[in-house]
Amino acid sequence: MSAELKELESILNVTLPEKLVEEVVKVEEGHFDVLTSAKNAYDLMKILHEEAGIYHLSTITGYEKEDEFNICYHIQHRIEEEVREVPINFIVTKVDKKNPKTPSMFDFFEAAEYYEREVYDFYGIYFENHPFLQRLILPERWPDDVKPMKKEYSWEQMREITMKIAKEGMEEK
Amino acid sequence: MTEYRSRFRTLTDGSDAPEGADHHVFIGPQHPWAEEPAHFIIHLKGERVVEANIRIGFNLRGIEKAMENRTWRQNVMLVPRACGICSAVHQNVYVRVVDKLAGVEDQISERARLIRMFSLEAERIHSHILWYGILAHDAGFDTMLHITWRDREIIMDIMEEVSGNRVNYSINLPGGVRRDIRPEQVPSIRERLAKLRKQVEYHKKVFTEEASIRNRLQDVGILTKEDAKKTTPNGPTARGSGLPFDVRKTYPYEMYDKIDWDLVYYTEGDVLATTLVRVDETLASIAIMERCLDQLESTQGELLIRVRPRVPEGKYMTRAEAPRGEDIHYGIANGTDKPERYKIRAPSLGNIDATLRRMDSEYIADMPVILRSYDPCFSCTNRVMLINENTGEKLILNQDEFAQKAIKAKKYNRPFF
């Protein structure tokens, strides 16, 4: 068991099963990265939410690596008596690029509903058991298969599509 | 258990209304009440609200994608454009991400940090005063709008002197700050801050004692602490509901832990509480600015240190307390001079859900003040695709043409079109 994991456990006052956690990285004093795979993410988040009592989800970042997607849940462990927060970046790794699927964390955070939709819009990552996985931010006319934040789409392509749908919108009565 | 209904909708014709609603009120994206592009759908039964929904996504600018195509250095001036009002805080969070990734965060002098703080607090003051002025206007109390906006000029004049700009200060840079606060400026700034404090104390008196506005805000749109924990609002919206979390206290950055200041929070949870949080915070911010000036007298140090254009590989998440709440940035560097991925979550998006929940079973007449209560700022919410065209007089320009035209217009002193 790594020292970082032990430190995080003592702050949260729970035990995190080692088989669920891939790695714990200490970014700076009182700020951690927790890495886990898409398979174990739901169980680990359940412990963090129900046992450690983490209820604040700041946002979700999706990002693309060479052969996988990563999804980072920025959650805050809040200690009200001390007026202190411990930021945790809960990173779900190994989300398959061909068939991107990961469990939705909506059961634990209601805010995950719209943050996950944002990630779905930009990367096409499918969140399993999400109650309302629909388009949130992209325009109505935006082509379904184009996921703008993926690296394969260049800035110029985005500009072309934007101009095209703007023109279509103006022509339509 | 009833089925979950998302308040962020995509349909807008009212056919997805909840059960029991007999009228539907649509507001926006173009509406005289809302200066910001969002589409609110208020489902009513009689005069009471059954459910309030929203549709966002009308103003997608693509700042995140644009940042991946620009260097870290260029992005310093792009990132404050994420928001028109709280631009300094976006820039501050960004430069702290760059400082940390470049490994120079320990070398930044105290003087530079104090000047950064000074600009952040000035921004909080002008944003809060602007907001509660508009709130008074929504509640039908236009005199208050005129009074507050007159007093807001004081802080804008101060910052114009210090930074050169009235709103978008652009004073933070990786490695330090762009400008110093000169000792000869300080006496006049102090004098004006004292005047501003007097005015804000008067604003507080109006909001707490004047019955016509107090009755409009008190016990309206209550958000309980339990609901607040569930819907995860941030900033003044949460602090009005008894969640005492302010990033400046809970995870101090810059020099906030070295300066003595008071955290403001209320437990009532109504619109009046969020208003008073902001009024009190304005007073606290004036005190912080004065303490910054005190410390600046005795603190010397280099204002700007060199940061290399190539940022080493790494990732870093950091946050700051923007006027509207928690502003969170996540930067991933790949060792080149451009970011691999840069994520911005501005505070308004996190506050929408909680605010729509406030509306449940309230009167339709209270809707303007409740919707205003979280300080809507949709450039905070929508920042993804860029529409880079100027269609006035059937003229479509791309970015380069626009830049060329602008340069020519400036160089040869020609009209733009």
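Note that the structure is a prediction, hence the values are computed from the model and not measured.

A.B. asks: Can you explain helix α3 (residues 112-123) of chain A? Please cite residues and give values.
C.D. replies: Residue and element names in this part refer to chain A. When the terminal C-alpha atoms of α3 are compared, their 16 Å separation across 12 residues agrees well with the 16 Å that a helix rising 1.5 Å per residue should span. Most of α3 sits inside the fold, with 11 of its 12 residues counted as buried. Along α3, the residues classified as buried are A112, E113, Y114, Y115, E116, R117, E118, V119, D121, F122 and Y123. Positioned one or two residues after α3, G124 has a phi angle of 70°, which is positive.

A.B. asks: Summarise the nonpolar core; cite the residues concerned and give the values.
C.D. replies: By size, the foremost hydrophobic cluster in this structure holds 172 residues, and its most contacted members are Y73, I75 and F90 of chain A together with F40 and F118 of chain B. Excluding residues within four positions of it along the chain, Y73 of chain A makes contact with M45, L57, T59, I60, I88, N89, F90, V92, P103, M105, E116 and F127 of chain A. In this structure, L223, A228, A238 and A354 of chain B belong to the second largest nonpolar core, which totals seven residues.

A.B. asks: Could you give me a rundown of the interface of chain A and chain B, with the residues and numbers involved?
C.D. replies: On the side of chain B, 57 residues touch chain A, which itself brings 59 residues to the contact. Both sides of the chain A and chain B interface together cover about 5,200 Å² of buried area, and 58% of this is carbon and sulfur. For the pair chain A and chain B, the interface holds seven salt bridges. Viewed at the interface, chain B and chain A are joined by 27 residue pairs in polar contact (both at pLDDT 80 or more). At the level of elements, β1 (23-28), β2 (31-37), β3 (56-64), β4 (68-79), β5 (84-96), α3 and α4 (155-171) of chain A are the ones that each hand at least two residues to the side of chain A that touches chain B. The leading source of residues in the side of chain A that touches chain B is β3 of chain A, at nine residues. Counted by class, the side of chain A that touches chain B contains 30 nonpolar, 12 polar and 17 charged residues.

A.B. asks: Pulling in residues and values, what's your account of the pairing of β4 of chain A?
C.D. replies: All names here are of chain A. With respect to burial, β4 is a largely interior element, 12 of its 12 residues being buried. Between the end of β3 and the start of β4, which pair antiparallel, lie three residues. In this structure, β4 lies alongside β5, joined through 11 bridges in antiparallel fashion. In the sheet register, I79 faces β5, and the bridge partner there is R84. Where β4 folds back onto β5 in an antiparallel hairpin, the turn is made up of four residues, including V83, whose phi is positive at roughly 50°.

A.B. asks: Can you tell me about the sheet that holds strand β6 (residues 314-322) of chain B, naming the residues and giving the values?
C.D. replies: Residues and elements named next belong to chain B. Strand order across the open sheet formed by three strands is β6-β7-β8, with antiparallel pairing between neighbours. Edge positions in the open sheet fall to β6 and β8 (339-345), since each of these has one partner strand only. Going from strand to strand, the sheet's axes swing by 10° on average, the running direction of each strand aside. Bridging between strand β7 (residues 325-333) and β8 involves six bridges; their strand directions are antiparallel. In the strand pairing of β8, Y330 is matched with K343. Relative to the sheet, helix α3 (residues 87-102) contacts β6, β7 and β8, its axis offset from that of β6 by approximately 150°.

A.B. asks: Break down empty space enclosed by the protein for me, with residues and values.
C.D. replies: Under the criterion given, the structure shown has four cavities of 30 Å³ or more. Reported here for the largest cavity is a volume of approximately 50 Å³. Around the largest cavity, the lining residues are R78 and E85 of chain A together with N234, G235, A238, F245, D246, V247, R319, E321 and E326 of chain B.

A.B. asks: Outline the domain arrangement of chain A, listing residues and values.
C.D. replies: All names here are of chain A. Under the domain assignment used here, chain A contains domain 1 (3-135) and domain 2 (138-173). For domain 1 and domain 2, the distance between their C-alpha centres works out to 30 Å. Contacts between the two partners involve eight residues from domain 1 and, on the opposite side, 11 residues from domain 2. It is E64, F122 and R135 in domain 1 that bury the most area against domain 2; as a group they hold 63% of the surface buried on that side. For the pair domain 1 and domain 2, the interface holds one salt bridge. Of the charged contacts in the structure, one is a salt bridge between R135 and D144, with a shortest N-O distance of 2.8 Å.

A.B. asks: Account for the layout of surface pockets, naming residues and giving values.
C.D. replies: All names here are of chain B. Here the second largest pocket is characterised by a volume of approximately 420 Å³. Forming the walls of the second largest pocket are 19 residues, and the residues nearest its centre are E105, R113, P252, Y253 and E254. Going through the elements one at a time, α3, α4 (110-138) and β6 are the ones with two or more residues in the lining of the second largest pocket. Looking at the lining of the second largest pocket residue by residue, the class counts come to six nonpolar, one polar and 12 charged.

A.B. asks: Which residues make up the side chain of E110 of chain A, and what values go with them?
C.D. replies: With respect to the helices, strands and loops of the structure, E110 of chain A is situated in the loop between β6 (101-103) and α3. On the basis of relative accessible area, E110 of chain A is assigned to the buried category, the value being 15%. The contact partners of E110 of chain A, leaving out residues within four places of it in the chain, are Y4, K230, T231, D353 and R357 of chain B.

Analysis parameters
- Residues numbered from 1 in each chain as written.
- Chains lettered and ligands numbered in written order.
- Predicted model: local features only at pLDDT ≥ 70, side-chain atom pairs only at ≥ 80, totals over all residues.
- Heavy atoms only, no water.
- Helix = DSSP H or I, 4+ residues; strand = E, 2+ residues; numbered from the N terminus.
- Expected span 1.5 Å × (residues − 1).
- Buried < 20%, exposed > 50% of the residue type's maximum accessible area, 1.4 Å probe, protein only.
- Core = buried A, V, L, I, M, F, W, Y, C linked by side-chain atoms within 4.5 Å.
- Contact = heavy atoms within 4.5 Å.
- Buried area = accessible area lost by both parts, 1.4 Å probe.
- Salt bridge = Lys/Arg side-chain N within 4 Å of Asp/Glu carboxyl O.
- Polar contact = N/O pair within 3.5 Å; in protein donor to acceptor, adjacent residues only side chain to side chain.
- Nonpolar A, V, L, I, M, F, W, Y, C, P; charged D, E, K, R; others polar.
- Pairing = 2+ DSSP bridges.
- Axes fitted to C-alpha atoms, helices over the stretch in contact; angles between N-to-C directions.
- 1 Å grid on protein atoms, 1.4 Å probe; cavity = no way out; pocket = protein on both sides within 12 Å on 5 of 7 lines; lining within 4 Å.
- Points joined across faces, edges and corners; volume = space filled by probe spheres on them.
- Domains from an automatic or database assignment.

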